[in-house]
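# Structural overview
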Amino acid sequence: MSEQKKPDYKQTLNLPDTAFPMKASLSEREPTILKHWETINLYAALREQGSKRPRFVLHDGPPYANGNIHVGHAVNKVLKDMIVKSKTLSGLDAPYVPGWDCHGLPIELNVEKKHGKPGLKISPEAFRKACREYAASQVDIQRESFKRLGVVGDWDNPYLTMNYRYEADIIRSLAKIISNQHLQKGAKPVHWCLDCGSALAEAEVEYADKTSPAIDVRFKVIDANDFLQRFNNASEGKGDISIPIWTTTPWTLPANQGVALNPLLEYVLVEVDARECLLIAFDLLASTLARYGVKSHRELGRIQGEKLLNVLLQHPFYDKTVPIVLGDHVTVEAGTGAVHTAPAHGVDDFYVGRHYNLPLENPVGDDGCYTSATPLFAGLHVSKGNDAVLAVLTEKNALLHHEKMAHSYPHCWRHKTPLIFRATPQWFVSMDQHGLRQTALKAVDQVEWIPDWGKSRIDGMIANRPDWCVSRQRTWGVPIPLFIHKESGELHPNTQALIEAVAKAVEQGGIDAWFNSDAKQWLGDEAASYQKSTDVLDVWFDSGVTHECVLKQRQDLHFPADIILEGSDQHRGWFQSLMLTSTAMNGVAPYKEVLTHGFTVDGQGRKMSKSLGNVIAPEDVVNTLGADILRLWVASVDYRNEMACSKELFTRTAEMYRRIRNTTRFFLANLNGFNPKTDLVPLDDMLMLDRFAMHVAADYQAAILEAYDAYQFHQVVQKLHHFCVTEMGGFYLDIIKDRQYTMARDSRGRRSAQTALYFIAEAFVQWMAPVLSFTAEEIWQYLPESSAPSVFLTTWGAKLPRLPETLSMNAHFFEKMRAVRDAVNKQIEAERNAGRLGSALEAEVVLYADANLKPLLDSLENELRFLLITSSASVKAEHDAPLDAVVTEVPGLRLMIHPTTHAKCDRCWHRREDVNQNTDYPGLCSRCVENVAGPGETRRFA
């Protein structure tokens, strides 16, 4: 027999086999899965399945229909998709209705580049048509990009703010706010963009550094005697008495109507260099005199600000007097303690001016030029106003000091150019006239903010925000369809009926139904007495009323939304506009939860910009690595903070993905030939290790579901990865390989492992599905006897039983066995590094255990070697351990490892003393002989 060729036993092994590819090729395979979803009409199937389930509504904040999507868009949409899918798998009906913001300036600017300004090279009607077509094209581009990311939603029926019905409902929403008396008209200072030629909302303003001239200007006291008499024992000084103001906006001085002092501050009158007298806040005296380069000064008297009310001052270059007024906004942080007050050019100035009945004169026209009513500067653009005013001040000897200063200044978020404050007639939603501010703040308290700092942020913004200017002077937008009496300025008494008539017309023909009409069409003979409004609504109003135009209008949604999710900038944007319009209309918050995510930055923490060359387009990631890699990256970072994004991070994410994919491939390969209908082993007949693996999987499922419910997706990814690396690859899968490959095909031991793998694999695919949607769907098609055409038409772990303690086996027992195994592996590795041992199957292990541990090890009997993946393992009492036995980190455990001298089995590779004892099966151990010749032994554990 020794000269006879040994048989090839390979065909007797149950080698793993699956068509599921190891190489993901996601960029090529994902489009096929998208087609599968279209074929089965997945979204419609989800809605039908969820028709009798409790509903959960995530309300989509509309991105702007302008330009290709960026990484921030991808983060936002993927986060929403993970929530919707996890809620669906939790057994809820979770519809997702995407939407787009379609009006506003960015679209106008792009259309202007191609067609010119409306009213010049193109008619307003044709311009609006071009805007509508442009927005529609952008929606199509972005929609395909979002679908390619694996986001499942009602893409065929999104909400668009330019849809006729939506435009009509915007108008109806305005009518409700008017009926609740929150809308008012007035000339107030608003942020005005000279490039836009329009007022801007707070959310359209960003702050950036700007260098401005910082100047000190003399306002001379008209009646020195009256002024000095207000002091207690003030001395007279030489020269004129002046109150110097400090400002960084010299161009606003033509609109000056007064000088504000703080009523409670102490001011000191000083003679400087024996030539003139100046009144300066005491706390700023030293810094101000140093700024002026004063060589000597003499204090003449002190006075509280409130005592100087109504003292008249000479305007520095106009032939007029202005009064001293009082204001709490005057501080001693900088300047002189006296503030130049131009009610047309500042919010604080406006309210102080209104209190003291100061004139509200706006010297700057819509074109950014001083009007003809502005002496010295008429026709000059305000961008040149600073230099012109400085020249006049110098000529009039009114300039005390001039220097350049860099400071934070409001800029247009679109043009990145400095703004001006400018008082113009506008429509405002009043924050205080009928208690809207307090109603909104109370509603904020009823909302759960995630993270919780979001509440304090929006609290502060609502508490301190000015009235909301909702009117714009643009062409492409929803009209403010009001008629104002030419003499009284009052709205038409039938305003509500007129607005509804306009809304119905807009619902049929769009916003042109208003713009192409005249007042007579709506008012008949009254038209001559009324002026038809030409303003359009702030685009933030369009999106701010989605609670009325979407949530309340669609039968597949409900009001209020269960959750909304956007970037942290939306506390001053959509979060706030939703809250203000809903409380103005309904008195309640439009959402129950608000989740905020941070912005994307590069690997060095820098803001992404084209100039830095650190922008990563989502399509580049999708086309190279696949959408699932992008999705996994989104899920793996803590979205509550800034989200670092780089090619290196995506490469690292791809490595994590491969580990998850390979683990799943092991599941599938070892389920080859397994039929759940015929091969499932009853739970109480399964082997101990398999029951334990299912017990561990059930624990992980509970933790993962809890993380999904808390929207902690990075914890989901961590647990998925840990489950693959530690629980499966590092323990269970490693141990069952021998049983899977070498035991008889239909043996209880092999089918028990396959039963556990089947339950675990199906649950594992569901766990990953909200994150790795394409991969989960791909795997789902390879699972034996998949229960649904899509993984998303199932619920969490429907087949994964939560085993009772008697079946799952004592978890403590297996945790202890894992610790023993780790200790053995550590010593085997040491032996291999020393060159005394090859593979672990060459090792004979002797464990010396104390009285607590030995009974547990003894209970495994001859199965211990399969747990340790060694050819031999025995247990002895700790007191029998030789002096050179290795002390392990496991309490009460010492061990010895020796290389075996036995022959290797050609089939299982174990080295056993019974190899070659059966002459009919040369090269095999007796265990393999049984597995080849008979039904296979029934094994209790491994």
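Parameters at a glance
- Residues numbered from 1 in each chain as written.
- Predicted model: local features only at pLDDT ≥ 70, side-chain atom pairs only at ≥ 80, totals over all residues.
- Heavy atoms only, no water.
- Helix = DSSP H or I, 4+ residues; strand = E, 2+ residues; numbered from the N terminus.
- Rg over C-alpha atoms; globule rule 2.2 N^0.38 Å.
- Buried < 20%, exposed > 50% of the residue type's maximum accessible area, 1.4 Å probe, protein only.
- Contact = heavy atoms within 4.5 Å.
- Areas by Shrake-Rupley, 256 points an atom, 1.4 Å probe, with all protein chains shown as cover.
- Lys, Arg positive; Asp, Glu negative; His and termini not counted.
- Charge placed at Lys NZ, Arg CZ, Asp CG, Glu CD.
- Salt bridge = Lys/Arg side-chain N within 4 Å of Asp/Glu carboxyl O.
- Core = buried A, V, L, I, M, F, W, Y, C linked by side-chain atoms within 4.5 Å.
- Pairing = 2+ DSSP bridges.
- Axes fitted to C-alpha atoms, helices over the stretch in contact; angles between N-to-C directions.
- Parallel < 35°, antiparallel > 145°, perpendicular 65-115°, else oblique.
- Left-handed = near helix turned anticlockwise from the far one by under 90°.
- Nonpolar A, V, L, I, M, F, W, Y, C, P; charged D, E, K, R; others polar.
- Polar contact = N/O pair within 3.5 Å; in protein donor to acceptor, adjacent residues only side chain to side chain.
- Phe/Tyr/Trp six-rings, centres within 6.5 Å; stacked < 30°, edge-to-face > 60°.

Each helix and strand counted, the protein has 31 helices and 30 strands in total. In terms of overall dimensions, the protein is more spread out than a globule: its C-alpha atoms have a radius of gyration of 39 Å, far above the 30 Å expected for 942 residues. Summarising its shape, the C-alpha atoms of the protein cover approximately 130 × 75 × 45 Å along the three principal directions. Each of the 942 residues in the protein was classed as buried or not, and the buried ones make up 57%. In the protein, the share of contacts with a sequence separation of at least 24, taken over all contacts with a separation of at least 6, comes to 77%. Total accessible area computed for the protein in this model is approximately 39,100 Å², and 49% of it derives from carbon and sulfur atoms. Averaging the coordinates of the 102 positive side-chain charges in the protein and doing the same for the 116 negative ones gives two points 3 Å apart.

Attention now goes to the pattern of salt bridges. Evaluated as defined, the whole model comprises 56 salt bridges. Two residues, Glu507 and Arg172, come together in a salt bridge whose shortest N-O distance is 2.9 Å. With Glu507 in helix H13 (residues 495-509) and Arg172 in helix H6 (residues 164-179), this pair connects stretches of sequence that are 335 residues apart. With relative accessibility at 26%, the residue Glu507 sits in the partly exposed group.

What follows is about helix H26 (residues 773-780). Working note: α-helix, 3.6 residues per turn, so residues spaced by three or four point in the same direction. Where burial is concerned, most of H26 is hidden: eight out of the eight residues are buried. Here H26 has its buried residues at Ser773, Phe774, Thr775, Ala776, Glu777, Glu778, Ile779 and Trp780. Buried residues belonging to H26 abut helix H1 (26-39), helix H3 (71-89), helix H5 (124-148), helix H20 (627-636), helix H21 (647-669) and helix H25 (748-768).

Here is a general trend for soluble globular proteins: nonpolar side chains tend to be buried in one another's company. One finds Tyr591, Trp633, Tyr732, Trp767 and Leu847 to be the most contacted residues of the largest nonpolar core, which totals 214 residues. Excluding its chain neighbours within four sequence positions, the residues that come into contact with Trp633 are Val71, Val75, Thr600, Met643, Ala644, Cys645, Phe650 and Thr653. Within the second largest apolar cluster, 56 residues are counted, among which are Leu261, Cys277, Leu300 and Leu393.

Let us look at the sheet that holds strand E24 (residues 591-597). Ordered in space as E1-E23-E24-E17, the four strands form an open sheet in which the pairing is parallel. With one partner strand each, in any of the chains shown, strand E1 (58-59) and strand E17 (448-450) form the two edges of the open sheet. Across three bridges, the pairing between E17 and E24 is parallel. Counted as the bridge partner of Glu448 is Glu593 from E24.

The relative placement of two packed helices is expressed as an angle between their axes plus a distance between the axes. Between helix H12 (residues 453-464) and helix H18 (residues 574-585), the shortest axis-to-axis distance is 11 Å and the interhelical angle comes to 60°. For the element pair H12 / H18, the angle class is oblique. Like other packed secondary-structure pairs, H12 and H18 cross with a definite hand, here right-handed. Residue-level contacts link Ile458, Met461 and Ile462 of H12 to Phe575, Gln576 and Met579 of H18. Per-class residue counts for the contact of H12 with H18 are five nonpolar, one polar and no charged.

Looking now at the environment of Val622. The topology assignment puts Val622 in helix H19 (residues 618-624). Overall, the relative accessible area of 6% leaves Val622 in the buried class. Separated by 58 residues in the primary sequence, Val622 and Ile564 have C-alpha atoms spaced 26 Å apart. Ignoring anything within four residues of it in the chain, the contact list for Val622 reads Ser27, Arg148, Leu149, Ala627 and Leu630.

This part is about the environment of Arg422. Mapped onto the fold, Arg422 is located in strand E16 (residues 420-429). The class of Arg422 is buried, set by a relative accessible area of 3%. Spatially, the C-alpha atom of Arg422 lies 79 Å from that of Val824, the residues being 402 residues apart in sequence.

Spatial strand order, E28-E27-E30-E29: four strands in an open sheet with mixed pairing. Only two strands of the sheet have a single partner each, and these edge strands are strand E28 (872-877) and strand E29 (886-887). Sheet topology note: the strand E27 (residues 843-849)/strand E30 (residues 893-899) ladder contains seven bridges and is antiparallel. Considered in E30, the bridge of Ala849 is made with Leu893.

Attention now goes to the pairing of strand E7 (residues 241-247). The buried fraction of E7 amounts to six of the seven residues, a majority that puts the element mostly inside the structure. In this structure, strand E6 (residues 205-221) lies alongside E7, joined through six bridges in antiparallel fashion. What sits directly across from Asp216, in E7, is Trp246. Sheet analysis places E7 next to strand E10 (residues 276-281), joined by two bridges and oriented parallel. Bridged to Ser242 within E10 is Leu278.

Further remarks concern the side chain of His597. Tracing the backbone shows His597 in strand E24. The class of His597 is buried, set by a relative accessible area of 6%. Within the structure, His597 has its side chain in polar contact with the backbone nitrogen of Gly567 (distance 3.3 Å). If we skip the residues at most four places from it in the chain, His597 touches Val75, Asn76, Leu79, Leu565, Glu566, Gly567, Ser568 and Tyr639.

A few words now on the packing of aromatic side chains. Per the counting criterion, the structure on display carries 29 aromatic pairs. Ring centres 6.0 Å apart and planes at 85° place the aromatic pair Trp449 and Tyr591 in the edge-to-face group. Here Trp449, found in strand E17, pairs with Tyr591, found in strand E24; they are 142 residues apart in sequence, far enough to count as distant. On the basis of relative accessible area, Tyr591 is assigned to the buried category, the value being 2%.

Following Ile450, the chain continues to Pro451 via a peptide bond in cis, the omega torsion being -5°. Secondary-structure assignment places Pro451 in the loop between E17 and H12. The amide bond that connects Phe559 to the next residue, Pro560, takes the cis arrangement and shows omega of -5°. Structurally, the position occupied by Pro560 is in the loop between helix H17 (546-551) and strand E23 (561-567).

Close contact between H6 and H13 brings their axes to 7 Å; oriented N to C, the two are set at 170°. Considering their axes alone, H6 and H13 lie roughly antiparallel with respect to each other. Along the contact surface, H6 presents Tyr164, Arg165, Glu167, Ala168, Ile171, Arg172, Ala175, Ile178 and Ser179, while H13 presents Gln496, Ile499, Glu500, Val502, Ala503, Lys504, Val506, Glu507, Gln508 and Gly509. Taken together, the residues of the contact of H6 with H13 break down into nine nonpolar, four polar and six charged.

Of note, Thr900 is situated in the loop between E30 and helix H31 (926-933). A relative accessible area of 14% places Thr900 in the buried class. Only 2.8 Å separates the side chain of Thr900 from the side chain of Glu844, close enough to count as a polar contact. Not counting residues within four places of it along the chain, the set of residues in contact with Thr900 comprises Leu841, Glu842, Glu844 and Arg911.

This next bit is on the environment of Asp920. Following the sequence through the fold, Asp920 ends up in the loop between E30 and H31. Overall, Asp920 belongs to the exposed group, its relative accessible area being 60%. Taking C-alpha positions, Asp920 is 10.0 Å from Ala933, a pair spaced 13 residues apart along the chain.

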